[in-house]
Amino acid sequence: MKLNRKDILGIQELSVDEIHLILDTAESFIEVSTREIKKVPTLRGKTLVNLFYEASTRTRTSFEIAGKRLSADTINISASTSSMVKGETLIDTAKNLEAMNPDIIVIRHSAAGSPHMLAGLLKQSIINAGDGAHEHPTQALLDLMTIRSKKGRIAGLEIAIIGDISHSRVARSNIYGMTKMGARVRVAGPATMLPRGIEKLGVTAYTHIDEAIRDADIIMMLRIQTEREKLNIFPSLREYAKYFSLNRRNIELAREDVLIMHPGPMNRGVEISPDIADGPHSIILDQVTNGVAVRMALLYLLTGSNES
Amino acid sequence: MKLNRKDILGIQELSVDEIHLILDTAESFIEVSTREIKKVPTLRGKTLVNLFYEASTRTRTSFEIAGKRLSADTINISASTSSMVKGETLIDTAKNLEAMNPDIIVIRHSAAGSPHMLAGLLKQSIINAGDGAHEHPTQALLDLMTIRSKKGRIAGLEIAIIGDISHSRVARSNIYGMTKMGARVRVAGPATMLPRGIEKLGVTAYTHIDEAIRDADIIMMLRIQTEREKLNIFPSLREYAKYFSLNRRNIELAREDVLIMHPGPMNRGVEISPDIADGPHSIILDQVTNGVAVRMALLYLLTGSNES
Amino acid sequence: MKLNRKDILGIQELSVDEIHLILDTAESFIEVSTREIKKVPTLRGKTLVNLFYEASTRTRTSFEIAGKRLSADTINISASTSSMVKGETLIDTAKNLEAMNPDIIVIRHSAAGSPHMLAGLLKQSIINAGDGAHEHPTQALLDLMTIRSKKGRIAGLEIAIIGDISHSRVARSNIYGMTKMGARVRVAGPATMLPRGIEKLGVTAYTHIDEAIRDADIIMMLRIQTEREKLNIFPSLREYAKYFSLNRRNIELAREDVLIMHPGPMNRGVEISPDIADGPHSIILDQVTNGVAVRMALLYLLTGSNES
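Model, not experiment: these values are computed from the prediction.

The rules we used
Residues numbered from 1 in each chain as written. Chains lettered and ligands numbered in written order. Predicted model: local features only at pLDDT ≥ 70, side-chain atom pairs only at ≥ 80, totals over all residues. Heavy atoms only, no water. Least-squares fit on C-alpha atoms with pLDDT ≥ 70 in both. Helix = DSSP H or I, 4+ residues; strand = E, 2+ residues; numbered from the N terminus. Expected span 1.5 Å × (residues − 1). Buried < 20%, exposed > 50% of the residue type's maximum accessible area, 1.4 Å probe, protein only. Polar contact = N/O pair within 3.5 Å; in protein donor to acceptor, adjacent residues only side chain to side chain. Axes fitted to C-alpha atoms, helices over the stretch in contact; angles between N-to-C directions. Parallel < 35°, antiparallel > 145°, perpendicular 65-115°, else oblique. Left-handed = near helix turned anticlockwise from the far one by under 90°. Contact = heavy atoms within 4.5 Å. Buried area = accessible area lost by both parts, 1.4 Å probe. Salt bridge = Lys/Arg side-chain N within 4 Å of Asp/Glu carboxyl O. Nonpolar A, V, L, I, M, F, W, Y, C, P; charged D, E, K, R; others polar. Pairing = 2+ DSSP bridges. Right-handed = clockwise from strand over helix to strand, strands pointing away. pLDDT = per-residue confidence, 0-100. Patch = residues over 30% accessible without salt bridge, like charges linked within 9 Å, V, L, I, M, F, W, Y side chains within 5 Å. Areas by Shrake-Rupley, 256 points an atom, 1.4 Å probe, with all protein chains shown as cover.

When chain C is fitted to chain A, the best match, at an RMSD of 0.0 Å, comes from turning it 120° and sliding it 0.0 Å along the axis. Such a combination of rotation and displacement between the chain copies is what one expects of a three-fold axis.

What follows is the structure in structure tokens.
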């Protein structure tokens, strides 16, 4: 089976079958990263460009490793060190890259919709590595893969997402993906961090963490943007931690076999207590391992390397 | 035929035959970047170092892609993040690199003549990727390649270069190359941006864009350094745009089949209007594509990979 | 013979036999960097991560070239551009990297002991590329290799190390290595730069350079951290240069065949005069060449690529 898409822009437009195809392919790549020789020649002679307008080591490194394990040539461009970017429109930068004939451009940008704009203009495959507060589809795919492989299914699970729902592209992509795959999703956060009308996405919203995590199969804690403290969205980190952190006490409300997720980087002691982050329920590092596999799968599927 | 040179420092010292050899070789590499597998083993086991003391994404990326498509190992060093550079002379930095046995060092530096100094000291091939306001030979070579391939020839063409001629290494390298290849070159810019005695380089200088572009076959617009606005070299960007931008009105003065070039990054609405940049006469993105091919050609010729 | 270690954390814990094994292996790799095709397939499919929390071009480039010449995939992460690092503990960053299944992590960090902490937590091999003022083992190994290959032996040599002994991880690692290999080590520097009790490491300490370098076979000059001038550790660079630089006059006190070393980057005219740095006794650039070979040897030995 093949993926009939040029680009991966968001989870919203992916079908359930497409998601299963991507996760199945990713699972077949898990093994490559555990071999003695962690490399297959699949993407030899393909060029992958990581175009990051926002700092990111985790996601960039994951894509770079994924590309290299498939034998692609990888090029990193970061906006902070990029003159290409100064005084040049995003479209001109992208058109210039296109003219150098890469195969895939991975883009992270603070403006929602940037990857979609590029996808419409360029012949290359575009992968959205995070656009503003809109979507972060590869994160959601690795999360879905982790849930499916740990729980054996996604459908029917009770999943709680806790934190700044309004500003989180991770939350948004996961809500699309989890509901699509048949899970029931609850979100919780301070009222200032819950977008109005969030229920339209098919989730239940709470302003207390306890209600959201009760009997949950999965709890996904979001990173709190500590630099937002000044913006008066929430009173203080201390107060936030008091009311919305996951800790030894409130985790008891969840199912006994609850699994704890976090997209990283974690603020230990703020949104999650260290003993939970490192405890037996945590699958946070499985998420990272699966991230490389999901990205390998996408690079493989988008370059049509599976056609024959 | 082979290139009997260790280094590419400037267009000034290249012969017409050498330029044709480089452009012919570059044309043969154009095809590699359009293959399914964009990679040839020619430079396997060679090490290319990009040593950039000035920020540049376009040129660095072009060299990096060129190296990788030839299977070279590529190493990027940027001065802004480089401790090698702090408190160390350029010569010591270069001698240290030499001791690590790379094959080619690509250098961009704000001091005119830096690449020439290194070329005299090091056994490695040096490629000048821009030295102060002196030369930018790989840019001129890709420009000449683009003109030759679009027009079938360079000799006899009327070429106008518009902008800050005084501070432009792109202009200087192109003037050397175009006149050498038999084109007639006119330059235009505000009087403060025209170097005294520029006519000695074999060009005609104008202070009005209209005179320079009349009946031109090629118009090359230079990027205006917007940060120079404060320096009173020109009154304002608005005023500059009014008198020296290329737009729908004045392009009518050129030949009907005029081709428009720009080394990028463009200031849309300053030196060039968007409809011209994106219009049917524009070959700006062909320049970028040819840039990768020209750099592949130079890496190939300098490493003597064509000898045998 | 094989190296029975997962990590290279310091010279202090290496045995004489282990050091000889590393140097012998490094010598066999010297030849690879002089070949027409400077690449062997030994580490194909292995992933090397350079995790640098302090700026370094020299050491990072040396490791990157070493990895590439062995066909490893190399990933660079620098803290200054790293969001992975912000608000995340070093352990979390390392655990995240571990989850991506690299084979070797090279770490430089301002906190002494960081590499040791990671070595205890991660299954990957850790190489210390400098931890605070503690150790810089790969620098000492390349220094020992350079001495052994130039002098034919290390045992019995008189070696002087001059400069800021207190804050130098290069000095510390070399003192461990040189004394272990049977050399006699003298150190000299201003009293404020000589750690109390340094004699316990088996060296003789002097506060005048002349006493330390008299009849020396090897003189190793340390880089003075010019930014420390303000801290009143020494009166001024000018004064420091007057009393502690190596120059044409005082080098006469050493043996006629004395060899001069410096880990770089050099402050010419401060700790070393230019004519000495470039003179016939200098083996400073041999150190750099040997650095690539020593790092190739460590990557090779740690990945067990020599087992069969």
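All names here are of chain C. Over its 12 residues, helix α6 (residues 169-180) extends 17 Å from the first C-alpha to the last, a length consistent with the 16 Å expected when each residue adds 1.5 Å. Buried residues dominate α6, accounting for nine of its 12 residues. For α6, every residue scored as buried is listed here: Arg169, Val170, Ala171, Ser173, Asn174, Ile175, Tyr176, Gly177 and Met178. Where α6 starts, the residue carrying a side-chain oxygen 3.3 Å from the main-chain nitrogen of Val170 turns out to be Ser168. Once α6 finishes, Gly182 follows within two positions and takes phi at roughly 95°, a positive value.

Turning next to the packing of helix α2 (residues 58-69) of chain B against helix α10 (residues 284-302) of chain B. Residues and elements named next belong to chain B. Packing of α2 against α10 brings their axes to within 8 Å, and their N-to-C directions diverge by 55°. Taken as axis vectors, α2 and α10 run oblique relative to one another. Considering how the two elements wind past one another, α2 and α10 form a crossing that is right-handed. Contacts between α2 and α10 pair Thr59, Ser62, Phe63, Ile65, Ala66, Gly67 and Arg69 from the former with Gly291, Val292, Arg295, Met296 and Leu299 from the latter.

Moving on to the interface of chain C and chain A. Contact residues are listed per partner, giving 26 residues for chain C and 25 residues for chain A. Summed over both partners, the interface of chain C with chain A comes to about 2,300 Å²; 51% of that surface belongs to carbon and sulfur atoms. At the surface where chain C touches chain A, the tally comes to five salt bridges. Residue Lys38(A) is joined to Asp103(C) by a salt bridge in which the shortest nitrogen-to-oxygen separation is 2.5 Å. For the side of chain C that touches chain A, the class distribution of residues is seven nonpolar, 11 polar and eight charged.

Another point: helix α3 (residues 90-99) of chain C. Counting buried positions along α3(C) gives eight out of 10 residues, so the element sits mostly inside the fold. Residues of α3(C) that are buried include every one of Leu90(C), Asp92(C), Thr93(C), Ala94(C), Asn96(C), Leu97(C), Glu98(C) and Ala99(C), and no others. Among the structural elements, α2 (58-69) and α10 (284-302) of chain A together with β1 (47-52), β2 (73-78), β3 (104-109) and α4 (114-121) of chain C are those in contact with the buried residues of α3(C). Asn101(C) sits one or two positions beyond α3(C) and adopts a positive phi of about 60°.

Further remarks concern the interface of chain B and chain C. Taken together, the contact between chain B and chain C spans 26 residues of the former and 25 residues of the latter. Taking both sides of the interface into account, the surface hidden between chain B and chain C amounts to around 2,300 Å²; carbon and sulfur atoms contribute 50%. Applying the counting criterion to the chain B and chain C interface returns five salt bridges. As a salt-bridge pair, Arg58(C) and Glu88(B) come within 2.4 Å of each other at their nearest N and O atoms. Where chain B touches chain C, the interface holds 13 residue pairs in polar contact (both at pLDDT 80 or more).

This next bit is on the sheet that holds strand β3 (residues 104-109) of chain A. Residues and elements named next belong to chain A. Reading across the sheet, the four strands line up as β2-β1-β3-β4 and stay open at both edges, with parallel pairing between neighbours. Strand pairing shows two members of the sheet lacking a second neighbour, β2 (73-78) and β4 (125-131), which therefore form its edges. Each neighbouring strand pair of the sheet contributes to a mean axis angle of 15°, computed without reference to strand direction. Pairing analysis gives five bridges linking β3 to β4, with the strands arranged parallel. Bridge pairing in β4 links Ile104 to Ser125. Packing of helix α4 (residues 114-121) onto the sheet brings it into contact with β3 and β4, and relative to β4 it is tilted by some 170°.

The subject of this paragraph is the sheet that holds strand β9 (residues 259-261) of chain C. All names here are of chain C. An order of β7-β6-β5-β8-β9 is seen for the five strands of this open sheet, with the pairing classed as parallel. A single partner strand is all that each edge strand has here, and the edge strands are β7 (203-206) and β9. Neighbour-to-neighbour, the strand axes of this sheet turn through a mean angle of 20°, independent of strand direction. Note that strand β6 (residues 184-188) and β7 share four bridges and pair parallel.

The next thing to look at is the pairing of strand β4 (residues 125-131) of chain B. Burial analysis of β4(B) places seven of its seven residues in the buried class, the great majority of the element. In this view, the connection linking strand β3 (residues 104-109) of chain B to its parallel neighbour β4(B) by way of helix α4 (residues 114-121) of chain B has right-handed handedness.

Let us look at the side chain of Ser166(C). Residue and element names in this part refer to chain C. Summarising the element assignment, Ser166 is placed in the loop between β5 (158-162) and α6. The exposure class of Ser166 is buried, given its relative accessible area of 19%. Here Leu194 takes part through its backbone nitrogen, which lies 3.5 Å from a polar atom of the side chain of Ser166. Discounting residues that sit within four places of it in the chain, Ser166 has contacts with Ala133, Arg172, Thr192, Met193, Leu194 and Pro195.

This brings us to the confidence of the model for chain A. Note that predicted coordinates carrying low pLDDT should not be read in detail. For chain A, per-residue confidence averages 93 on the pLDDT scale, and residues scoring 70 or more make up 94% of the total. Scored by ipTM, the complex comes to 0.94, with pTM at 0.96.

What follows concerns a nonpolar patch on the surface. Residues and elements named next belong to chain A. Judged by side-chain polarity, Ile91, Met117 and Leu121 come together as a nonpolar surface patch covering roughly 210 Å² of accessible area. For Met117, the position within the fold is in helix α4. For Met117, a relative accessible area of 36% corresponds to the partly exposed category.

In total, this model carries 68 salt bridges over all chains according to the counting rule given. As a salt-bridge pair, Asp24(B) and Arg148(B) come within 2.7 Å of each other at their nearest N and O atoms. Pair noted here: Asp24(B) is in helix α1 (residues 16-30) and Arg148(B) is in helix α5 (residues 137-151), with a separation of 124 residues, a long-range link. Take Asp24(B): its relative accessible area is 42%, and that puts it in the partly exposed class. Overall, the relative accessible area of 12% leaves Arg148(B) in the buried class. Here the salt bridges do not stand alone but share partners, grouping Lys151(A), Asp217(A), Arg255(A) and Asp257(A) into one network.

Attention shifts here to the side chain of Arg169(A). All names here are of chain A. Relative to the elements of secondary structure, Arg169 occurs in helix α6 (residues 169-180). Given a relative accessible area of 12%, Arg169 falls into the buried group. Among all residues touching Arg169, those that are not within four sequence positions of it are Glu54, Arg108, His109, Gly130, Asp131, Gly132, Ala133, His134, Glu135 and His136.

Let us look at the environment of Asp164(A). Residue and element names in this part refer to chain A. In this fold, Asp164 is placed in the loop between β5 (158-162) and α6. Spatially, the C-alpha atoms of Asp164 and Ser114 are 22 Å apart, while their sequence positions differ by 50 residues. Of the polar contacts made by the side chain of Asp164, one reaches the side chain of His167; its length is 3.0 Å.

Glancing now at the pairing of β2(A). All names here are of chain A. When strand β1 (residues 47-52) meets β2, the two strands line up parallel, connected through six bridges. The residue of β2 that forms the bridge with Leu48 is Thr74. Note that the unit made of β1, α2 and β2 has a crossover that is right-handed.

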